[in-house]
Amino acid sequence: MNEKPQHEASAGRLGPLEQKVMDLIWDHSGCTVREVMDHLPSRPAYTTIATVMGNLERKGLVSPNREGRGVRYLPQRSREEHAAGLMRQALGVSRDRTASILHFVDTMPDDERDLLRAYLSGANSQDFQGSP
């Protein structure tokens, strides 16, 4: 039986504010609650962002790291790993995984399909880091 990575089942889709916070954390390789507040145009309350950070921690996406009197939240997986987890979840609810995969590939732009074809033909996965 395939085992899912820790927290994958609970991570799932992010709400709009959770997504904005995670984007900041990924973009800055970690953030404090105050740093997140300073980067968001809506200027949410400290307690709102602290609650979001707690939710992201429970989902296994961030971990708190003490820095003096403050806490910096560090990403526990990359944006790409999170996206791959969402794709696995989507396939997990399909009644026909093969049809779902084939439909997804059919809807890919040609350049992405070419990238996938090259990857599957045995090219080194390191060649594909940072590709579309």
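Each remark here, short or long, concerns the structure printed above.
Heads up: these notes are all about the structure in this document. This one's a predicted model, so the numbers in the text were calculated from it and none came from an experiment. (Residues numbered from 1 in each chain as written. Predicted model: local features only at pLDDT ≥ 70, side-chain atom pairs only at ≥ 80, totals over all residues. Heavy atoms only, no water.)

## Digging into the overall build of the protein chain
In terms of regular secondary structure, the protein chain is built from seven helices and two strands. When the elements of the protein chain are put in sequence order from the N terminus, they spell out α-α-α-α-β-β-α-α-α. In the protein chain, which comprises 132 residues, the share counted as buried stands at 27%. For the protein chain, long-range pairs separated by at least 24 residues make up 49% of all intrachain contacts whose partners lie at least 6 apart in sequence. Accessible surface, the protein chain as shown: approximately 9,200 Å² in total, 51% of it carbon and sulfur. (Helix = DSSP H or I, 4+ residues; strand = E, 2+ residues; numbered from the N terminus. Buried < 20%, exposed > 50% of the residue type's maximum accessible area, 1.4 Å probe, protein only. Contact = heavy atoms within 4.5 Å. Areas by Shrake-Rupley, 256 points an atom, 1.4 Å probe, with all protein chains shown as cover.)

## Brief notes about the pattern of salt bridges
For the structure shown, the criterion picks out eight salt bridges. Linking Glu35 and Arg72 is a salt bridge whose minimum nitrogen-to-oxygen distance equals 2.8 Å. Taken together, the positions of Glu35 in helix α3 (residues 33-39) and Arg72 in strand β2 (residues 70-75) put the pair 37 residues apart, joining distant regions of the chain. Note on Glu35: relative accessible area 26%, which makes it partly exposed. With a relative accessible area of 18%, Arg72 lands in the buried category. Arg72 is paired through a salt bridge with Glu67; the nearest N and O atoms lie 3.0 Å apart. Overall, Glu67 belongs to the partly exposed group, its relative accessible area being 38%. Each member of the salt-bridge network shares a partner with another, and the members are Asp23, Asp27 and Arg79. (Salt bridge = Lys/Arg side-chain N within 4 Å of Asp/Glu carboxyl O.)

## Focus on the nonpolar core
Membership of the largest hydrophobic core comes to 18 residues, with the highest contact counts inside it found for Val21, Met22, Ile25, Val36, Ile49, Met53 and Leu56. Among the secondary structure elements, those contributing two or more residues to this core are α2 (16-28), α3 and α4 (46-58). Broken down by element, this core gets its largest block of residues, five residues, from α2. Apart from the residues within four sequence positions on either side, Ile49 is in contact with Leu17, Val21, Val33, Val36, Met37, Leu40 and Pro44. (Core = buried A, V, L, I, M, F, W, Y, C linked by side-chain atoms within 4.5 Å.)

## Observations regarding the pairing of strand β1 (residues 62-67)
In terms of strand pairing, β1 meets β2 through six bridges, oriented antiparallel. Looking across to β2, one finds that Pro64 is bridged to Tyr73. (Pairing = 2+ DSSP bridges.)

## Structural notes on the side chain of Glu18
Relative to the helices and strands, Glu18 is located in helix α2. Taking relative accessible area as the criterion, Glu18 reaches 11% and is therefore assigned buried. The contact partners of Glu18, leaving out residues within four places of it in the chain, are Arg13, Val52, Asn55, Leu56 and Lys59.

## Details of the environment of Ala90
Summarising the element assignment, Ala90 is placed in helix α5 (residues 79-92). Of the residues examined, Ala90 reaches a relative accessible area of 47% and is grouped as partly exposed. Each C-alpha atom of the pair Ala90 and Ser100 lies 9.0 Å from the other, and the pair is ten residues apart in sequence.

## Some points on the packing of α5 against helix α6 (residues 97-106)
As a packed pair, α5 and α6 sit with axes 9 Å apart at the nearest point and diverge in direction by 135°. Comparing their axes, α6 and α5 come out oblique. Contacts from Met87, Leu91 and Gly92 in α5 reach Arg97, Ser100, Ile101 and Phe104 in α6. Taken together, the residues of the contact of α5 with α6 sort by class into four nonpolar, two polar and one charged. (Axes fitted to C-alpha atoms, helices over the stretch in contact; angles between N-to-C directions. Parallel < 35°, antiparallel > 145°, perpendicular 65-115°, else oblique. Nonpolar A, V, L, I, M, F, W, Y, C, P; charged D, E, K, R; others polar.)

Don't take any of this as a statement about function, it's just geometry.
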